[in-house]
Amino acid sequence: MANNVATLEASAPRESTVALGTTRTGFSVGRMAAVMRKELRSYFAFPLVYIISGIFVMVGGFYSYTDLKFFTTISFSKDIIQNYWQMLLTDIRFCLLMTLPFITMRQFAEERKLGTVELLYTYPLRDGEILGGKFLASVVIFLMMLALTLLYPIFIYSIHAYALFPLFAGYFGLLLLGCSFIACGLFISSLCESQVIAGIGTIVLLLFLWIINWNESAFQSGTLDALRMLSLFDQFNGFSKGIIELYSTTYFIFFITFFLYLTLRSMEARKWTGRR
């Protein structure tokens with residue numbers, strides 16, 4: 001990790017390289033891209049990302065096979081393929097919940113533990129550029145994992161053609177959901193010095209947002225409706241059915257923006273708390 005941080009300045013565009021200790025005005029996409037490239041090199045330098053991706057693909061493949069087996073043997077629905085996508089996308093949602101927190105857990109926690117975060121902050125980078133680079137690097141890894149699951153529908157399409165829009169809507173929902181997980185994971189990681197605590201803390205928070213409305217009998221109808229509006233996973237249900245809902249899309253965008261804003265405030269807190 002230290003070597004990756006040390007090469008950050010070299011990976012930035014030549015025209016954006018300045019002496020340490022100087023300040024910059026304005027947000028630079030080039031500097032953010034340099035942070036993203038540094039993070040990606042760090043990801044692929046260690047086996048963790050390969051292990052997590054492998055587990056994700058294997059578990060996703062297992063769900064793909066068992067869900068298809070279920071619908072082809074005991075389902076009497078007229079629209080088997082649509083029901084299959086709904087179940088499969090819901091299962092992939094769970095796979096993302098259990099894997100993406102282990103992608104984001106190292107982003108700030110590891111650098112703080114190793115002390116390399118102090119070196120990173122000495123570069124002429126705005127906090128937003130650092131955060132944007134880390135977020136985009138995690139999204140790239142997530143997109144790589146998600147792209148591997150396209151093997152399932154491609155194989156089924158080669159056997160039997162089906163409508164593509166419901167599948168597109170489902171994957172669009174997975175994209176928004178995964179980015180929401182990443183934004184939440186970055187915030188938790190910015191609060192921790194331990195990768196393990198950051199990963200587990202992210203899973204616990206996301207699980208809470210999943211089960212927040214499970215005990216329906218304990219709430220009145222008005223309260224239950226409000227909890228459903230807050231439930232991260234309930235907002236995905238429409239996408240899994242092949243429907244792109246404006247409210248759910250807005251909800252996910254707000255969720256991502258909110259947690260990135262909290263992460264930015266957490267980064268800025270070092271200026272007045274003395275925390276690394």
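Residues numbered from 1 in each chain as written. Predicted model: local features only at pLDDT ≥ 70, side-chain atom pairs only at ≥ 80, totals over all residues. Heavy atoms only, no water.

Visitor: Where do I start with the overall build of the protein in this structure?
Guide: When you go through the protein residue by residue, the secondary structure sums to 15 helices and zero strands. Burial analysis of the protein (276 residues in total) assigns 49% to the buried set. Contacts spanning at least 24 positions in sequence make up 76% of the contacts within the protein whose residues lie at least 6 apart. (Helix = DSSP H or I, 4+ residues; strand = E, 2+ residues; numbered from the N terminus. Buried < 20%, exposed > 50% of the residue type's maximum accessible area, 1.4 Å probe, protein only. Contact = heavy atoms within 4.5 Å.)

Visitor: Even after reading the chapter, I still don't get the packing of aromatic side chains, so can you show me in this structure?
Guide: The way to describe two aromatic rings as a pair is by their centre distance and the angle between their planes. According to the stated counting rule, one finds 18 aromatic pairs in the structure shown. When the ring of Phe181 is compared with that of Phe233, the centres are 5.8 Å apart and the planes differ by 45°; the resulting orientation is tilted. Highlighted residues: Phe181 in helix α10 (residues 165-191) and Phe233 in the loop between α12 (221-230) and α13 (237-240), separated in sequence by 52 residues. Here Phe181 matches Phe233 in class, with each residue buried. The rings of Phe165, Phe168, Phe172, Phe187, Phe239, Tyr251, Phe252, Phe254, Phe255, Phe258 and Phe259 are connected pair by pair, giving a single aromatic cluster. In this structure, Arg106 packs its charged tip against the face of Tyr43, placed 4.7 Å from the ring centre. Taking the ring centre of Phe108 as reference, the NZ or CZ of Lys134 above it sits at 5.1 Å. (Phe/Tyr/Trp six-rings, centres within 6.5 Å; stacked < 30°, edge-to-face > 60°. Lys NZ or Arg CZ within 6 Å of the ring centre and 35° of its normal.)

Visitor: When you look at the pattern of salt bridges in this model, what are you seeing that I'm missing?
Guide: Should the charged atoms of two oppositely charged side chains come close, the side chains can pair. Applying the stated rule across the entire model yields five salt bridges. One salt bridge in this structure joins Glu129 and Arg31, with 2.6 Å as the shortest N-O distance. Residue Glu129 is found in helix α8 (residues 127-148), and its partner Arg31 is found in helix α3 (residues 29-44); the two are separated by 98 residues along the sequence. Each member of the pair, Glu129 as well as Arg31, carries the same accessibility label: buried. (Salt bridge = Lys/Arg side-chain N within 4 Å of Asp/Glu carboxyl O.)

Visitor: Explain α10 to me, please; I cannot follow it from the model alone.
Guide: Because an α-helix completes one turn every 3.6 residues, residues spaced three or four positions apart along the sequence face the same direction. The end-to-end C-alpha distance of α10, which contains 27 residues, comes to 40 Å, matching closely the 39 Å that a straight helix rising 1.5 Å per residue would cover. With 22 of 27 residues buried, α10 lies mostly within the body of the structure. (Expected span 1.5 Å × (residues − 1).)

Visitor: Please explain the environment of Ser53 as it appears in this structure.
Guide: Along the polypeptide, Ser53 turns up in helix α4 (residues 48-73). Aside from chain neighbours lying at most four places away, what touches Ser53 is Met144 and Met145.

Visitor: Got a minute to help me understand helix α14 (residues 246-268) in this structure?
Guide: Along its 23 residues, α14 runs 33 Å from first to last C-alpha, staying within 8% of the 33 Å computed at 1.5 Å per residue. Of all the positions in α14, only Ser248, Thr249, Tyr251, Phe252, Phe255, Ile256, Phe259, Leu260, Thr263, Leu264, Ser266 and Met267 are classed as buried.

Visitor: Can you help me understand a nonpolar patch on the surface in this one?
Guide: A surface patch of nonpolar side chains, about 370 Å² in accessible area, is lined by Ile51, Ile55, Met58 and Val59. With respect to the element layout, Ile51 can be found in helix α4. (Patch = residues over 30% accessible without salt bridge, like charges linked within 9 Å, V, L, I, M, F, W, Y side chains within 5 Å. Areas by Shrake-Rupley, 256 points an atom, 1.4 Å probe, with all protein chains shown as cover.)

Visitor: Help me out: how do you make sense of the side chain of Ser190 in this one?
Guide: Tracing the sequence through the fold places Ser190 in helix α10. The exposure class of Ser190 is buried, given its relative accessible area of 1%. Within polar-contact distance, the side chain of Ser190 engages the side chain of Ser266 at 3.1 Å. (Polar contact = N/O pair within 3.5 Å; in protein donor to acceptor, adjacent residues only side chain to side chain.)

Visitor: Hey, could you run me through the packing of α3 against helix α6 (residues 106-114) in this one?
Guide: Between α3 and α6, whose axes approach to 12 Å, the crossing angle comes to 80°. Between α3 and α6, the angle falls in the class roughly perpendicular. On α6, the residues that touch Lys38, Glu39, Ser42 and Tyr43 of α3 are Arg106, Gln107 and Glu111. Considering only residue class, the contact of α3 with α6 consists of one nonpolar, two polar and four charged. (Axes fitted to C-alpha atoms, helices over the stretch in contact; angles between N-to-C directions. Parallel < 35°, antiparallel > 145°, perpendicular 65-115°, else oblique. Nonpolar A, V, L, I, M, F, W, Y, C, P; charged D, E, K, R; others polar.)

Visitor: Explain the confidence of the model for the protein here, please?
Guide: One rule of thumb: low pLDDT means the predicted coordinates there are not for detailed reading. Mean pLDDT over the protein stands at 81; residues scoring 70 or higher make up 80%. Per-element confidence in the protein is highest for α10, whose mean pLDDT is 94, and lowest for helix α2 (residues 8-11), whose mean pLDDT is 47. Across residues 9-23, confidence stays below pLDDT 50; counting only partners more than four residues off in sequence or on other chains, it has 22 contacts. (pLDDT = per-residue confidence, 0-100.)

Visitor: Please clarify how the side chain of Ser189 should be interpreted in this entry.
Guide: Along the polypeptide, Ser189 turns up in helix α10. Separated by 3.0 Å, the side chain of Ser189 and the backbone nitrogen of Ala109 make a polar contact. Filtering out sequence-adjacent residues up to four positions away, Ser189 remains in contact with Thr104, Met105, Arg106, Gln107, Phe108, Ala109, Arg112 and Ala198.

Visitor: Help me understand the environment of Leu114 in this model?
Guide: Assignment of secondary structure puts Leu114 in helix α6. For the pair Leu114 and Glu193, spaced 79 residues apart in the sequence, the C-alpha separation amounts to 9.0 Å.

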